[in-house]
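# Working through the structure, step by step
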Amino acid sequence: MVRVGTLPFRLLCLEYGADLVWTSEIIDKSIIGATRVVDEKSGVISYIKGDKDVFTTHPSEKEKVVFQLGTADPDLALAAAKAVEGDVSGVDLNCGCPKKFSVAGGMGAALMSDPDRLCAILEKLVQGLDIPVTCKIRVFDDVDQTLHLVRRIAATGICALTVHCRTKVMRPSEKAMWHRLKDIVEELPDLPVILNGDIFERSDVQRARDETGATSVMTARGAAANPSIFRAEGKLSAMETAVALTKLAVQTSNVFLNTKYILLQMHPETKSKSFEILNKSRRYKEMCDAMGLSEYYETEGIHLIHERSEPAKTKNKPGRVRLGAVSTANKRKLDEEQDGSSVVQSANLVISEQSAKVETKLDVDQKSILGSETKPPASAEIADIAEAPAAKRLKA
Ligand SMILES: Cc1cc2nc3c(=O)[nH]c(=O)nc-3n(C[C@H](O)[C@H](O)[C@H](O)COP(=O)(O)O)c2cc1C
């Protein structure tokens, strides 16, 4: 999800039990030629182009993060994917985004109307990459047209297909058409199919799988509202989740305004009186103070924040402030960039059933960055993906 699913959000979802996290759509040309900068203290990896952090990641998510590409060209797609291949677990082609900036460039949902191009991109990626390739689509109104497309997509050799169970013109408020997935699953017996649309509770996961036969499910708004949706033990309170997110944001030097934005999306309570100080905060120190994290900020955060802000900051245009107080002009700029989707990466998330077959191990580094004991290894739909004959294996 653009704006919401930045690095700290993805790390938090993984900590709570998500098996895989997707970045937001990042446009091919925006990552090609970016400089990879590693912050030695935090381990955070930034792909910087011009004055923009195009993509930010950390080794602790490497085994679980799928890089989502916005592209309309096979060669550019491969060049972009190659640029990040060493830092991610898979590459996903976005064929579902209906937004104007995407379809106008022949990307996103436009690719569904140009299956030759769509499949040429996937084939190029499958042949050229050493990591798995996945694809995310919507459905057509017409069932046969949808089945024809998914057959062609499956034949490219991808290792999983995500289906957002809405058509291109459907609004998010309209009920996702889970019933449309059943045929697709039956049509593709060898390919893991991930259901997306209207997963808001853990209980929805099993219901979705029972009703459709989907291998696993992906949630966007459900996780944005409360990332602890992934916890087998149940959701946490707004304050608990906010504190955990803030700690990760500080550790990874996430852009302050982005952190605040995520927090304000998370729970209705964060807009209430009890979160007033948070709402008024204009920098990490104030935010941490508001959440009882003053000591944490002083000991853990302050050095990392200043260290990591340097590479991008030096390249920033005059007046742009990455951290702390941000002027209205800068805030507007940040908002525009983020709405354009290529600047701030975000995630869609896969929840698996508890009984999935293979266990994936969290990277040891994650212990340090998450600052807590690692949870038991997350079971994953990766098992099913690995079993598909045509699939390349996700690192597990
Ligand atoms: C704020 C926001 C940002 C999104 N960004 C992306 C994106 O970058 N790539 C993508 O494939 N889908 C994106 N989506 C669509 C979601 O991934 C998902 O397909 C859609 O919201 C339906 O799932 P849900 O019912 O779980 O929210 C975004 C959705 C939202 C609400």
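Further up the page is the structure itself.
Below or above, wherever it landed, is the structure these notes cover.

Analysis parameters
- Residues numbered from 1 in each chain as written.
- Predicted model: local features only at pLDDT ≥ 70, side-chain atom pairs only at ≥ 80, totals over all residues.
- Heavy atoms only, no water.
- Pairing = 2+ DSSP bridges.
- Helix = DSSP H or I, 4+ residues; strand = E, 2+ residues; numbered from the N terminus.
- Axes fitted to C-alpha atoms, helices over the stretch in contact; angles between N-to-C directions.
- Buried < 20%, exposed > 50% of the residue type's maximum accessible area, 1.4 Å probe, protein only.
- 1 Å grid on protein atoms, 1.4 Å probe; cavity = no way out; pocket = protein on both sides within 12 Å on 5 of 7 lines; lining within 4 Å.
- Points joined across faces, edges and corners; volume = space filled by probe spheres on them.
- Nonpolar A, V, L, I, M, F, W, Y, C, P; charged D, E, K, R; others polar.
- Domains from an automatic or database assignment.
- Patch = residues over 30% accessible without salt bridge, like charges linked within 9 Å, V, L, I, M, F, W, Y side chains within 5 Å.
- Areas by Shrake-Rupley, 256 points an atom, 1.4 Å probe, with all protein chains shown as cover.
- Salt bridge = Lys/Arg side-chain N within 4 Å of Asp/Glu carboxyl O.
- Lys, Arg positive; Asp, Glu negative; His and termini not counted.
- Charge placed at Lys NZ, Arg CZ, Asp CG, Glu CD.
- Left-handed = near helix turned anticlockwise from the far one by under 90°.
- Contact = heavy atoms within 4.5 Å.
- Phe/Tyr/Trp six-rings, centres within 6.5 Å; stacked < 30°, edge-to-face > 60°.
- Lys NZ or Arg CZ within 6 Å of the ring centre and 35° of its normal.
- Right-handed = clockwise from strand over helix to strand, strands pointing away.

### Considerations on the sheet that holds strand β2 (residues 35-38)
Within a sheet, adjacent strands bond to each other through the backbone by hydrogen bonds, running parallel or antiparallel. Ordered by their spatial adjacency, three strands build an open sheet running β2-β3-β4, and the pairing between neighbours is antiparallel. Of all the strands in the sheet, the pair left with one neighbour each is β2 and β4 (52-57). Averaged over all neighbouring strand pairs, the angle between strand axes comes to 25 degrees, with direction disregarded. As paired strands, strand β3 (residues 45-49) and β4 are joined by five bridges and run antiparallel to one another. Bridge pairing in β4 links I45 to T57.

### Observations concerning the environment of E211
Of note, E211 is situated in helix α8 (residues 202-212). What makes E211 partly exposed here is its relative accessible area of 40%.

### Comments concerning the layout of surface pockets
Roughly 1100 Å³ of volume is contained in the largest pocket. Lining the largest pocket are 40 residues, with M1, V2, K99, R138 and P172 positioned closest to its centre. For the lining of the largest pocket, the secondary structure elements donating two or more residues are β1 (20-27), β10 (216-219), α9 (221-225) and α11 (256-266). Among the residues making up the lining of the largest pocket, the classes are represented as 15 nonpolar, 14 polar and eleven charged. When residues of the lining of the largest pocket are assigned to domains, at least three fall in each of domain 1 (7-233 + 345-387) and domain 2 (238-339).

### Quick word on a negative patch on the surface
Taken together, D141, D142, D144 and D183 make up a surface patch of like negative charges. Counting through the fold element by element, D142 comes out in the loop between β7 (133-137) and α6 (143-154). Assessed through its relative accessible area of 38%, D142 is described here as partly exposed.

### Some remarks on the packing of helix α3 (residues 74-84) against helix α5 (residues 115-128)
Between α3 and α5, whose axes approach to 8 Å, the crossing angle comes to 35 degrees. As for the relative orientation of α3 and α5, their crossing is right-handed in sense. Facing α3, whose interface residues are P74, D75, A77, L78, A81 and K82, α5 presents A120, I121, K124, L125 and G128. Looking at the contact of α3 with α5, its residues break down into seven nonpolar, one polar and three charged.

### Digging into the packing of aromatic side chains
Per the stated rule, a full pass over the model turns up three aromatic pairs. Seen in terms of ring centroids, F55 and F67 are 5.1 Å apart; in terms of plane orientation they differ by 75 degrees. Their pairing is edge-to-face. Placement of the pair is F55 in strand β4 and F67 in strand β5 (residues 65-70), with a sequence separation of twelve residues. This pair shows no difference in class: F55 is buried, exactly as F67 is. Site record: aromatic cluster; members linked through ring pairs are Y47, F55 and F67. Between the NZ or CZ atom of R3 and the centre of the ring of Y261, over which it lies, the distance is 4.0 Å.

### Points about the pairing of strand β6 (residues 90-95)
Along β6, six of the six residues are buried, which leaves the element largely enclosed by surrounding structure. The alternating pattern of β6 places G90, D92 and N94 and V91, L93 and C95 on opposite faces, both of which are buried. Between β5 and its parallel partner β6, the chain crosses via α3, and the hand of that crossover is right-handed.

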